[in-house]
Amino acid sequence: MDVSLDLLMNAVISGLLLGGFYAAVSIGVAISFGMLDIVNIAHPAFILLGSYVAYIANTMLGIDPILAAVIVLPAFYLLGMAVYQVYYVAFERRDDQSLRGLSFFFGLLFIAEVGLILVFGVDYRSVSARYIGPSLQLVLFDLPWRLLVPFLVSMVMAVGLQVFLSRSFLGRAIQAVAQDQLALQLMAANPVKIKRIAFGLSIATASLAGACLIIIQPVEPSIGREYIGRVFAICVLGGLGSFPGMIIAAMTLGIVESLTSTFFGPSWAPAVAFGVLLVTLAVRPSGILGR
Amino acid sequence: MRGTPFILILIAVAGVVFGLARWLDNSYAFFVGYVVVQYIVLGTAWNILGGYTGYVNFGITAFFAIGAYSSVVLHKLVPTLPLPAMIVVGGVMAGIVGVGTGYLTLRLRGVYFSIATLALAVVVQTLITNWDFVGGARGAYVLRPRTAPLIGGGYIDYLFLIMLGLCVAALATARAIERSSLGFGFAAIRDDEAAAEASGVPTLRLKLIATGLSGGFMGMAGAPLPFYVTYLDPASGFSLNYAVNAIAMPLIGGTSSWLGPVVGAVLVGGLQEYLRVTISSAVNVLVAGVLMVMFVIIAPQGIVGLFQRKRR
């Protein structure tokens, strides 16, 4: 194994960019799991759904995948509100979130995966856009646009949501739901309605994250499962519900994964997230920036 | 022992089922029977942890594949080793992994355990895919003997008999747990863990026992798999179908007693087989997922729960 500085630096930089993309994938779970305490393990399935929507829009209509994701954003928002409504009526109100609520999302994940296989088959699908292929050439290294665009989209999304959550009334109400639901009720706000909006937002992020995913790599229906471990490792490591912590965690995981695939081979990369998750849970379950 | 009549009844039922399959003398009956009984074992194993203590294990494929791949390894190292010995080894390996994962994550809230098991499935698959000795991503061939040892007939007869034996063991264990102080401890954890802890129930130890037993039985159910399929690759060994079926069947049948997974496995397994023959194999895998989501929303107590409520 030949560890050259050049190789190391390239691995770190692509890891950083990859980590930025992981932040886009995790931000929805940071809202649903971190703030609303809804363990949506089906989130990667919604992301894949976003990828396939971008794929259809791109191959049939020739629309840019990111633009397509922005267009279907409201549809994903409504889908998320509908899923939350079912979840609330069937599980949260009956106070049966753990066993059956988890199984519900697991079932959704499976149905989405098999549904996508039935419609699109198991072939890898990809999109075309002008920024897939060329690189931004800097003095010391190249930045592939294919990774840079998702990175930028992800950062815009994270900053936008952070501003929304800390400045607007609704955003503060969402954060309040995470802290004290009863107190919010006493302020004459309806926690169920606020949670429905927040869950809608978390699924809406999946549309953009899905477009980013299919820009970075070709997609097939079972790829979502690899992201479950990653997403939850990032959210737990980042300290639930904290966006800055989540971004740091996402980049850390991106860099470690990128180093692993550079020096040990890409087939080992999926195991990294699990290691990170287990170590975090065993050593510091509240995460690096946990409350 | 109090459970002896129950075990004798189970053995009698298993004997009748096996006799019936022999009388039919149709290898398709054995193949279908094997799959359904395998799901009874998997569902019962999942239920020991999920139904009794309320901790959800999504990493069924990890434990199942550990059992399957330990058979592949043993078969390569010692080809003459009898299958029951492989099953014991596979079960022990999977049980150890279960206790290890549980030890790291079971002290936290239940969801962390569930998430860790989801990730465990991915990591075990990564390890197997990168392990050339068991064929890596290409998969491994296992040549099974043409005829069955001891009982004669095709080897599939023998596999079916072994699986029936495992099923009797799993059901007897599950029922024994339900009626012992262990079972009451599990139920206390499920209903209110903080209260159980405060009343002096050794919660972590009980949870580890449940995880070990549950993982062990999953491993045992997986151990004969290489001989059943004769070609095992990571994609099929870690198929999400196993996980969904093993969770869906207890939830559909009912999680509160040993009977639930049996009812669920027979109904769903039978229905899947029927759909596979009549419609297509793609539709049959959807069934378990759709039924599971419907049942957890509409009938959270499962089929057994519906009948119990009527009786009261």
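The notes below deal with the structure included here. (Residues numbered from 1 in each chain as written. Chains lettered and ligands numbered in written order. Predicted model: local features only at pLDDT ≥ 70, side-chain atom pairs only at ≥ 80, totals over all residues. Heavy atoms only, no water.)

Next up on the list: the overall build of chain A. From N to C terminus, chain A includes 11 helices and two strands. Its helices and strands in sequence order give chain A the pattern α-α-α-α-β-β-α-α-α-α-α-α-α, from N to C terminus. Relative to its length of 291 residues, chain A is compact, with a C-alpha radius of gyration of 19 Å against a globular reference of 19 Å. The dimensions of chain A, computed from C-alpha atoms along their principal axes, are 60 × 45 × 35 Å. Looking at chain A as a whole, 55% of its 291 residues are labelled buried. Contacts spanning at least 24 positions in sequence make up 78% of the contacts within chain A whose residues lie at least 6 apart. In the structure as shown, chain A presents an accessible area of about 12,100 Å², 66% of it carried by carbon and sulfur atoms. Treating the 15 positive side-chain charges of chain A as one cloud and the 14 negative ones as another, the clouds have centres 12 Å apart. (Helix = DSSP H or I, 4+ residues; strand = E, 2+ residues; numbered from the N terminus. Rg over C-alpha atoms; globule rule 2.2 N^0.38 Å. Buried < 20%, exposed > 50% of the residue type's maximum accessible area, 1.4 Å probe, protein only. Contact = heavy atoms within 4.5 Å. Areas by Shrake-Rupley, 256 points an atom, 1.4 Å probe, with all protein chains shown as cover. Lys, Arg positive; Asp, Glu negative; His and termini not counted. Charge placed at Lys NZ, Arg CZ, Asp CG, Glu CD.)

This brings us to the interface of chain A and chain B. With 38 residues of chain A in contact, the opposing surface of chain B contributes 39 residues. Between chain A and chain B, roughly 3,700 Å² of surface is buried when both sides are summed, and carbon and sulfur atoms account for 81% of that area. Between the two partners, chain A and chain B, sit zero salt bridges. Across the contact surface, chain A and chain B share two residue pairs in polar contact (both at pLDDT 80 or more). For the side of chain A that touches chain B, the secondary structure elements donating two or more residues are helix H3 (65–92), helix H4 (97–120), helix H9 (224–237) and helix H11 (269–283) of chain A. The greatest single-element share of the side of chain A that touches chain B, amounting to 14 residues, is contributed by H4 of chain A. (Buried area = accessible area lost by both parts, 1.4 Å probe. Salt bridge = Lys/Arg side-chain N within 4 Å of Asp/Glu carboxyl O. Polar contact = N/O pair within 3.5 Å; in protein donor to acceptor, adjacent residues only side chain to side chain.)

Another point: the packing of aromatic side chains. On inspection of all chains with the given rule, the structure shows 29 aromatic pairs over all chains. By the ring-pair criterion, three or more aromatic residues cluster together here, those being Tyr-84, Tyr-87, Tyr-88, Phe-91, Phe-104, Phe-105 and Phe-199 of chain A. Sitting over the face of the ring of Tyr-103 of chain B, Arg-107 of chain B holds its NZ or CZ atom 4.5 Å from the ring centroid. A cation over an aromatic ring shows up here: Arg-175 of chain B above the ring of Phe-6 of chain B, its NZ or CZ 4.2 Å from the ring centre. (Phe/Tyr/Trp six-rings, centres within 6.5 Å; stacked < 30°, edge-to-face > 60°. Lys NZ or Arg CZ within 6 Å of the ring centre and 35° of its normal.)

All names here are of chain B. The N-to-C vectors of helix H2 (residues 27–53) and helix H6 (residues 155–178) enclose an angle of 20°; their axes lie 9 Å apart at closest approach. One way to sum up the angle between H2 and H6 is to call them roughly parallel. Crossing hand, H2 versus H6: left-handed. Classifying every residue of the contact of H2 with H6 gives 19 nonpolar, three polar and two charged. (Axes fitted to C-alpha atoms, helices over the stretch in contact; angles between N-to-C directions. Parallel < 35°, antiparallel > 145°, perpendicular 65-115°, else oblique. Left-handed = near helix turned anticlockwise from the far one by under 90°. Nonpolar A, V, L, I, M, F, W, Y, C, P; charged D, E, K, R; others polar.)

Further remarks concern the pattern of salt bridges. All names here are of chain A. The tally for this structure, following the rule as stated, stands at six salt bridges over all chains. The partner of Arg-230 in a salt bridge is Glu-257, with the nearest N and O atoms 2.7 Å apart. Here Glu-257 lies in helix H10 (residues 243–263) and Arg-230 lies in helix H9, a separation of 27 residues in the sequence. Each member of the pair, Arg-230 together with Glu-257, is buried.

The subject of this paragraph is the side chain of Ser-103 of chain A. Along the chain, the position of Ser-103 of chain A falls in helix H4. Residue classification places Ser-103 of chain A among the buried positions, given a relative accessible area of 0%. In this structure Ser-103 of chain A touches Phe-58, Ile-247, Leu-251, Met-292 and Val-296 of chain B, once residues within four positions along its chain are discounted.

By themselves these figures say nothing about function.
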